[in-house]
Amino acid sequence: MDANVLHKSIKSPEWWRTAVIYQIYPRSFADGNGDGIGDLVGTTARLESLASLGIDAIWFSPFFKSPQKDAGYDVADYKTIDPLFGTNEEFYDLWAKAKSLGLRIIVDVVPNHSSDQHELFQAALKAAPGSAEREMYIFRDGQGAKGEIPPNNWESVFGGNAWTRIQEPDGTLGQWYLHIFDSSQPDFNWENPKVREFFEGVLSFWLDKGVDGFRIDVAHGLVKQVGLPDVQGAATHVTGEEDQATEHPFWGQEGVHEIIRGWRELLNKYDDRAMCAEAWVLPLSRMAKWVRPDEYHQTFNFGYLETPWDRAALEKVVTESLHEFGKVGAPSTWVLSNHDTIRHTSKYGSPSIPMHGMGIGPDSEQPDEALGLRKARAASAFMLGLPGGAYVYQGEELGLPEHTMLEGKYRQDPTYFRTNGEKVGRDGCRVPLPWEANGGASFGFNTTGKSWLPAPESFKRYARDQQEGVPGSTLELYKRLIKERKQFHLGSGEFRFAPEYSSDSTLGYINNGVLVLSNFGPDSVNLPAGKLLVTTQHDLTVEGVLEHDQTVWIKL
Ligand code: GLC
Ligand code: CA
C-alpha cells in the first residue's frame, strides 16, 4: 500500500460519507406567496431545478415556529413549521417531491437555546426562582447588594452581556437568565435530565417522520462549566489541544460528548440516519473527537472553511483533515460558505479577510469581484474533488458575491444591533437568490418584487436563467463537477497528493485516477497529458495551459 495515500477507497460507503449536501436558507431561496420571504411552496416549485445540480441531500436552516429574532435560530416550537414559511403539510408535500427526485432531507435542530417565546421559557418566567420550570434554563441571582450586577462576566457572541435580568411575577426586578446569543435566545440547562428528555422527544418526532438527518446548531455550547466561572472576553471558537487548552466555561466542555452519545444511540435505532455538528472547535485533532464512532457522523470542517486560497495552507489543512478524521473512522466534510460567513467569492476577492462575524459593509474596503469569482470557482473545483462529504450553500453555484453595500436600514442580524453597527453582521450572505434576470426587482425570487433584503443590481448578471445551459457559467461548472465527482466515486476514492504534477505555485492531487490541479501563482503552466474533464476557466483557457487561479480535473 502506497504510504502517500491519505484516504483509502471505500466500497459501498454509507450515503453521508460522500454526500453533496445543499444548504437551503428558507427565507431566501424562493418566495411562493410574494410577501418577500422565501417559503415552502416557493421552494417546492423550484425543486426540479435544484435537483438538476446533482446534489444528494438538502439541509434546511430552521423553518420552525419562531419570532424570527435570529432568522429562525430562535425556535418557539420544534415540531411546527412557522406560518411565515407554510404548514407541516406543505413541508410533507415538499418532501414527497424531494424524495421522488432522489433527494434526502436534513433538518436543523437548535438545542443550545430556545426562543424566549417558547412555552417552556414563558412558564419559567411565571414560576418562582428555584422552581422546576426555572431549572429548564439557566437562571441565577445577580451579584451586588440588590442583585444588580450580572452573575458573571460572560459576553454574548452577538455582542453585549450574556445575561438579562427579568421582572419577577410580582413586578420586582429579579433573577438573570443566560443567553450566549441574543437576549431572545435563553440557554437551556443541559444538566437537567428533563432538558435531555425534551430533545430526545424532538429528535424522535422527526426521526419517526422519516428525516434523513440533523444539523445540530451550536453543538459545542450545550454544557456549561459547573459554577459558571468568569471568562476572558467573548469567543466563538474553541481552540487548543485538549490537554493544553485553558478550559473555556461554555465552549467544548467534556460533558457534551455524553449527550452526543445518547443521540447517536437513538439514531442507530433507525436505518441510515446521520447528524452533523456545528462545532467551532479547532485544531482539527480536537474537532475529530466529535465524530468518534459513537458520536456525530459528520462535523463541519471549519478549519477548511477558514483556509485562504493558498497553496501551502490548503495542502496542510487537507492533509490534517484526512489524517485526523481518518484516525477515528469518520469522513471529513468540506465547506466554503454558509449563512454565517462571508460568501467565498467575496472573501477571496478581499484584500484582507475580516474576522469571523464581522461581515463586509459599505465602509469596508470592497472586494475585487472578478478576481474573487475566479478564485472561488477554482476553490470549489479543488474542494469538490476531495474524498468525504461536501456542503454547498445556496447561491454559491451561481457564484454569488456577498452584498457588501447593504445599507444599515435593511440589516436584521442581531450582531449589527448588539454591536451598534461595529460589526455589520451576516445579512450580506443571506440576500434572496436571483432566479431570472428580468424577474423584477427581486430577480424572480417572487413575482411581486418584494424582498426582505434588497438584492444588489449585480445579482441580475448572476441570475440562474442567465447561467442555465450556458457553457462556462458557474452553474454549469458546479453541475459538471458534481457529475464527474459521482462518475469517478471521488467521495469515497483513493486520495494522495501528486508532487510529480505540483510545483511551488501549483498543487495537484489524485483521487481515483483523476488529477485535480490548481494554479495559485501568477504564471501559466502547461497541462499534463490526459482527458480534460473540467476546467474553471472554460472559455478563457488557452488550450493546454493552466492559468493563474484556475483548477482543472484531468483523467490520467
Ligand atoms: C449558529 C447558527 C447561527 C445562529 C447561532 C445561534 O451558529 O448557524 O446562524 O445565529 O447558531 O443559534
Ligand atoms: Ca413567502
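Here's what I pulled together on the structure shown here. Just so we're clear, the structure is a prediction, and the values are computed from it rather than from any experiment. (Residues numbered from 1 in each chain as written. Chains lettered and ligands numbered in written order. Predicted model: local features only at pLDDT ≥ 70, side-chain atom pairs only at ≥ 80, totals over all residues. Heavy atoms only, no water.)

**Quick notes on the coordination of the calcium ion (ligand 2)**
Around a metal, the perfect tetrahedron of four donors has angles of 109.5 degrees, and the perfect octahedron of six donors has angles of 90 or 180 degrees. Coordination of the calcium ion (ligand 2) by the protein comes from Asp-31 (OD), Asn-33 (OD1), Asp-35 (OD), Ile-37 (O) and Asp-39 (OD), over a distance range of 2.3 to 2.4 Å. Read in sequence order, the donor residues coordinating the calcium ion (ligand 2) give the pattern D-x1-N-x1-D-x1-I-x1-D. By relative accessible area, Ile-37 is classed as buried at 16%. (Donors = N, O, S within 2.8 Å, 3.2 Å for Na, K, Ca; no water. Buried < 20%, exposed > 50% of the residue type's maximum accessible area, 1.4 Å probe, protein only.)

**Considerations on the pattern of salt bridges**
It is possible for side chains bearing opposite charge to pair when their charged atoms get close. Applying the stated criterion across every chain, the model contains 33 salt bridges. For Glu-397, the salt bridge identified is with Arg-464, shortest N-O distance 3.9 Å. Of this pair, Glu-397 sits in the loop between strand E13 (389-393) and helix H13 (414-418) while Arg-464 sits in helix H15 (residues 464-467), placing them 67 residues apart in sequence. Note on accessibility: Glu-397 and Arg-464 belong to one class, buried. If you follow the salt bridges from partner to partner, you end up with Asp-70, Asp-340, Asp-413, Arg-426 and Arg-430 in one network. (Salt bridge = Lys/Arg side-chain N within 4 Å of Asp/Glu carboxyl O. Helix = DSSP H or I, 4+ residues; strand = E, 2+ residues; numbered from the N terminus.)

**Topic: the site of ligand 1**
The environment of ligand 1 is made up of 14 residues, and the closest members are Asp-70, Asp-217, Glu-278, His-339 and Asp-340. Within the contact set of ligand 1, an oxygen atom lies 2.9 Å away from a side-chain nitrogen or oxygen of His-113. Notes on ligand 1: free accessible area 300 Å², of which the protein chains cover 96%. For the shell around ligand 1, the residue count by class is 4 nonpolar, 3 polar and 7 charged. (Near = heavy atom within 4 Å. Polar contact = N/O pair within 3.5 Å; in protein donor to acceptor, adjacent residues only side chain to side chain. Areas by Shrake-Rupley, 256 points an atom, 1.4 Å probe, with all protein chains shown as cover. Nonpolar A, V, L, I, M, F, W, Y, C, P; charged D, E, K, R; others polar.)

**Looking at the side chain of Arg-311**
Within the secondary structure layout, Arg-311 lies in helix H10 (residues 311-327). Within the structure, the side chain of Arg-311 is placed 3.0 Å from the side chain of Glu-315, a separation counted as a polar contact. A polar atom in the side chain of Arg-311 sits 2.9 Å from the backbone oxygen of Thr-506. Here Arg-311 is in contact with Ser-502, Ser-503, Asp-504, Ser-505, Thr-506, Leu-507 and Phe-520, once residues within four sequence places are set aside. (Contact = heavy atoms within 4.5 Å.)

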